[in-house]
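Here are the chains, one letter per residue:
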Amino acid sequence: MSYQPSEVTTTRRLLLTLSGLLAVAVLLFVGLPLWGGTARLHPSTHIADAPAPPPTMVRGKRLIVLDHADVLSHDQDIHPDIVILTGNVRLRHGSWIMTCDSANLNETTNSFDAFGHVHIQEGDSISITAGEMLYDGMTALAELHDNVILTKNVTTLFTESLFYDRNQQVGYYDNFGTLADSVNTLTSIYGEYNTSSDEALFQNEVHLENDRFTLDTDILHYNTKTSICRIVSPTLIETKDSVRIETDRGFYNTNTEQSILLDRSLITHPDGTMTGDSILYDKKRQISQAYYDVVIDNQEDKVTYFGDYGYMDEANGYVYATGRAYVMDYSEKDTLYMSAEIMEGIKRNLPPSPGTTDSLEVKYTKGYHDVRLYRRDIQAIGDSIHYFSVDSLIKLFGSPILWNDSTQLKGDTIYAHLANDTIDHAFAWQNASTVRWIDNIKQDRVKADTIQAYFCEGTLDHAFYRSNVESRYYLQQEKTKHYYALAQVQNPQMDVYIVDDKLDRIFWHGKAEGTIHPIQDLTDALRQMSGAEWHGDQRPLTPEDVIPDRTAPLQSTDSLATLQNQNSKMSQGFDGLAAWQAFYKEYQQAIEKPKPADVQMTVPDTTAVAETPLSIYIRRPLESDTSSVQSLADSLQSYIHLLPLYSWDSYSDHDNRAASTTSPSIGILRRSNSSDASSRSDESSKLPKAPRPKPTPTAAQLATIPTEPAKSK
């Protein structure tokens with residue numbers, strides 16, 4: 001009986017709880033519909049949120065979207081995170097639309113594997129096909145295999161395996177690939193192609209080919225939009241018409257065949273070669289310009305031009321060199337050295353002679369200002385020179401002086417003819433004179449209006465003097481061979497004959513007047529003659545006396561004003577000058593003030609280039625140059641915009657112009673000092689040189705007396 005009150009209390013509580021729950025249920029069942037109806041009769045401004053769509057982002061990355069598949073299957077036990085898609089599969093990820101035969105989609109990792117007829121389309125320009133693909137939507141990296149073809153506009157990349165980074169828009173391969181566009185076909189072991197910038201990088205066994213030339217190298221940058229190559233490693237370019245270009249650094253426009261070649265590139269054409277620290281080359285026009293330490297070797301004519309600036313027109317056979325310029329003509333056994341401020345090589349076709357149909361091709365070399373000449377048998381100086389190698393004719397102008405052995409010939413103009421690889425005869429006129437050394441004290445001197453000198457086996461044999469002849473010569477006793485007097489004679493004409501390098505006989509034509517001076521009464525005034533002085537101190541005695549000193553800075557008061565004048569004839573021939581000036585201006589600025597890598601380089605204003613004083617020559621990088629400067633100089637973005645600066649089209653009269661439009665008064669280019677002069681190569685060592693003459697007794701005698709005369713047979 002003691003437990004009954006507790007049991008009643010528990011039962012009562014349970015009944016009350018059940019009653020309360022039942023009342024709430026009835027209220028909800030009856031009240032909610034009534035409230036809903038009231039709400040429809042009295043709408044509220046509050047609108048409930050619509051159900052959220054399926055998520056499109058995961059961890060900040062866009063999800064891969066499935067557009068279609070014929071069959072979807074899922075194996076919870078084997079691949080719980082993978083949906084197997086089969087038949088006409090279509091997936092989207094950002095701007096990529098991907099189709100294939102089948103795919104395994106992993107929504108957890110946001111990735112998929114595609115198989116069979118894989119095709120990717122991005123916009124209207126980029127398309128990729130492959131046999132299979134692995135794609136990671138989190139990193140936007142794709143790995144494609146089996147006959148991969150990437151196409152953008154007219155550019156197509158073929159390879160068996162391609163890795164594509166959508167973030168960088170770069171596809172790359174490492175097991176051989178081929179890239180083809182409307183101009184070129186390129187192959188390499190490794191390659192990269194940026195579909196955004198159209199830049200491509202090729203490495204290892206790089207080969208470029210088109211219908212005009214081939215290019216082989218180990219590293220090559222190429223722009224598919226501009227068809228311009230940036231060369232950064234040893235490269236060989238071979239054209240169908242037998243032109244070879246060897247270069248380590250530069251730019252080559254494969255469409256226009258215009259190029260900037262640096263680091264002592266070499267151009268080889270059927271007639272010869274051209275090299276220099278930098279070269280501007282237009283293959284189609286066959287025009288090339290080289291700057292600093294230039295060597296132009298015409299192997300057909302066997303003549304080589306040297307200078308600090310060189311210009312070559314292959315089609316017209318024209319060569320121009322200036323800036324410590326000189327020429328080596330090795331067409332004969334005895335090499336001829338000539339130097340002047342300006343040297344030209346000219347080829348002209350003369351009209352057919354009467355009764356013939358074939359034109360005559362004439363080739364000759366011209367030099368202007370401060371001419372110096374050396375051969376073993378003759379040496380000369382003057383203001384200008386014309387040398388016709390076929391006829392072996394040397395024309396000297398501007399009060400020239402010519403030396404042969406112990407004889408000096410002088411005049412306002414001298415023509416010297418060579419035969420059998422030695423001097424044969426020479427003519428001098430207007431203020432002409434000869435000086436013939438006998439010994440250290442005695443010299444025979446003759447002056448006249450004109451002189452005809454004839455040589456036998458390289459030494460003076462006889463000479464004819466015409467008009468206003470004045471002579472001073474030593475008389476010798478025939479038996480004792482002793483000189484006893486000096487004859488001073490004036491007459492209209494005189495013929496002199498030399499035997500064994502000694503005066504043999506003299507013939508006077510017309511009235512002769514004069515005086516005989518005993519040898520003991522001679523004074524210095526009698527021994528000398530005004531207008532017939534000896535100039536041995538100016539005589540080149542070795543090839544080194546002709547070849548300009550390349551270790552010393554070039555001295556000149558002239559500038560580029562003549563070349564920069566757009567109205568001058570020269571400006572039509574020197575097409576690449578503005579492009580080269582702009583190139584070197586930016587290169588020099590990079591050396592002086594290297595720009596940070598994050599600063600975008602702007603295109604220079606080339607309209608004011610001609611007004612700005614520039615260092616004239618593009619030089620090779622020095623060891624003191626920093627690596628950052630060299631990297632900047634190699635940067636495609638830094639220099640690629642300079643190629644369109646060529647004013648090739650301004651050379652409108654190229655096809656009809658004369659062989660030479662160069663004025664002899666153009667002057668020479670100034671050059672800034674460069675500390676790497678000692679490292680410059682001397683290409684003249686590769687060509688045959690004349691042996692040096694026998695040394696003379698003393699240095700003092702070299703300036704005052706000639707070399708030991710050779711005996712005439």
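Bear in mind that the values here come from a model prediction, so they are computed numbers and not experimental data.

J.: Even after reading the chapter, I still don't get the overall build of the protein, so can you show me in this structure?
T.: Scanning the protein for helices and strands turns up 8 helices and 38 strands. In the protein, buried positions account for 49% of the 713 residues. Restricting the contact set of the protein to residue pairs at least 6 apart, pairs at least 24 apart contribute 49%. Within the structure as shown, the protein displays about 35500 Å² of accessible surface, and the carbon and sulfur contribution to it stands at 53%.

J.: What's the story with unusual backbone geometry in this structure? I'm lost.
T.: What is expected of a backbone is that most residues other than glycine have negative phi and most peptide bonds are trans. Despite not being glycine, N153 has its phi angle at roughly 55°, a positive value. In this structure, N153 sits in the loop between β9 (141-152) and β10 (155-165). With a relative accessible area of 56%, N153 lands in the exposed category. Although it is not a glycine, D293 adopts a positive phi angle of roughly 55°. Relative to the elements of secondary structure, D293 occurs in strand β23 (residues 287-298).

J.: How do you make sense of the environment of N468 when you look at a structure like this?
T.: In this fold, N468 is placed in strand β35 (residues 459-476). In this structure the C-alpha to C-alpha distance between N468 and M494, which are 26 residues apart in sequence, comes to 9.7 Å. Here the side chain of N468 touches D449 through a polar contact of 2.9 Å, side chain to side chain. There is a polar contact of 3.5 Å between the side chain of N468 and the side chain of S467.

J.: Where do I start with the environment of H221 in this structure?
T.: Assignment of secondary structure puts H221 in strand β16 (residues 213-223). C-alpha of H221 to C-alpha of L201: the two residues are 20 residues apart in sequence and 4.7 Å apart in space. Residues in contact with H221, not counting those within four places in the same chain, are A200, L201, I228, C229, R230 and V232.

J.: What exactly am I supposed to notice about the pattern of salt bridges here?
T.: Opposite charge on two side chains lets them pair, provided their charged atoms get close. Enumeration over the complete set of coordinates arrives at 25 salt bridges. In this structure, D67 and R90 form a salt bridge, with 3.2 Å as the shortest nitrogen-oxygen distance. Of this pair, D67 sits in strand β3 (residues 65-68) while R90 sits in strand β5 (residues 79-93); the two residues are 23 residues apart in sequence, bridging distant segments of the chain. Sharing partners across several salt bridges, the network here consists of D334, R375, R376, D377 and D421.

J.: Quick question: what am I supposed to make of the side chain of T304 here?
T.: Positionally, T304 belongs in strand β24 (residues 303-313). A distance of 2.8 Å separates a polar atom in the side chain of T304 from a polar atom in the side chain of D297.

J.: I would appreciate a short explanation of the nonpolar core in the present structure.
T.: The tendency in soluble globular proteins is for nonpolar side chains to be buried side by side. Residues F112, M133, L144, I394 and Y465 are the most contacted members of the largest nonpolar core, which totals 99 residues. When residues of this core are sorted by domain, at least three fall in each of domain 1 (57-165) and domain 2 (352-545). If sequence neighbours within four positions are ignored, I394 has contacts with L373, I378, I385, H386, Y387, I414, Y415, A416 and L418. If you look at the next biggest cluster of nonpolar residues, it comprises 17 residues, including Y291, Y309, Y320 and V362.

J.: What is the right way to look at a negative patch on the surface in this model?
T.: A contiguous patch of negative charge, built from D113, E132, D146 and E160, is present on the exposed surface. With respect to the helices and strands, the residue D113 is situated in strand β7 (residues 111-122). A relative accessible area of 30% places D113 in the partly exposed class.

J.: Before we go on, may I ask you to explain the confidence of the model for the protein in this structure?
T.: Detailed reading of the predicted model is not advised wherever pLDDT is low. Mean pLDDT for the protein: 75, with 69% of residues reaching 70 or above. Contacts for the low-pLDDT stretch residues 593-713, under 50 throughout, to residues beyond four places or in other chains number 257 contacts.

J.: Help me understand the packing of aromatic side chains in this model?
T.: One pair of aromatic rings is described through two measures. These are the centre distance and the angle between the planes. Under the criterion given, the structure shown has 19 aromatic pairs. When the centroid spacing of 5.6 Å and the interplanar angle of 45° are considered together, the rings of F112 and Y135 count as tilted. In this pair, F112 is assigned in strand β7 and Y135 in strand β8 (residues 126-136), connecting sequence segments 23 residues apart. A relative accessible area of 2% places F112 in the buried class. Ring centres of W437 and W534 lie 5.4 Å apart, and the angle between their planes is 70°; this geometry places the pair in the edge-to-face category. On the criterion of sequence distance, the pair formed by W437 in strand β33 (residues 422-437) and W534 in the loop between α2 (524-527) and α3 (561-564) is long-range, its members being 97 residues apart. Both residues of the pair, W437 and W534, count as buried. What links up through ring pairs into an aromatic cluster is the set F427, Y454, F464, Y497 and F507.

Calculation criteria
- Residues numbered from 1 in each chain as written.
- Predicted model: local features only at pLDDT ≥ 70, side-chain atom pairs only at ≥ 80, totals over all residues.
- Heavy atoms only, no water.
- Helix = DSSP H or I, 4+ residues; strand = E, 2+ residues; numbered from the N terminus.
- Buried < 20%, exposed > 50% of the residue type's maximum accessible area, 1.4 Å probe, protein only.
- Contact = heavy atoms within 4.5 Å.
- Areas by Shrake-Rupley, 256 points an atom, 1.4 Å probe, with all protein chains shown as cover.
- Polar contact = N/O pair within 3.5 Å; in protein donor to acceptor, adjacent residues only side chain to side chain.
- Salt bridge = Lys/Arg side-chain N within 4 Å of Asp/Glu carboxyl O.
- Core = buried A, V, L, I, M, F, W, Y, C linked by side-chain atoms within 4.5 Å.
- Domains from an automatic or database assignment.
- Patch = residues over 30% accessible without salt bridge, like charges linked within 9 Å, V, L, I, M, F, W, Y side chains within 5 Å.
- Lys, Arg positive; Asp, Glu negative; His and termini not counted.
- Charge placed at Lys NZ, Arg CZ, Asp CG, Glu CD.
- pLDDT = per-residue confidence, 0-100.
- Phe/Tyr/Trp six-rings, centres within 6.5 Å; stacked < 30°, edge-to-face > 60°.

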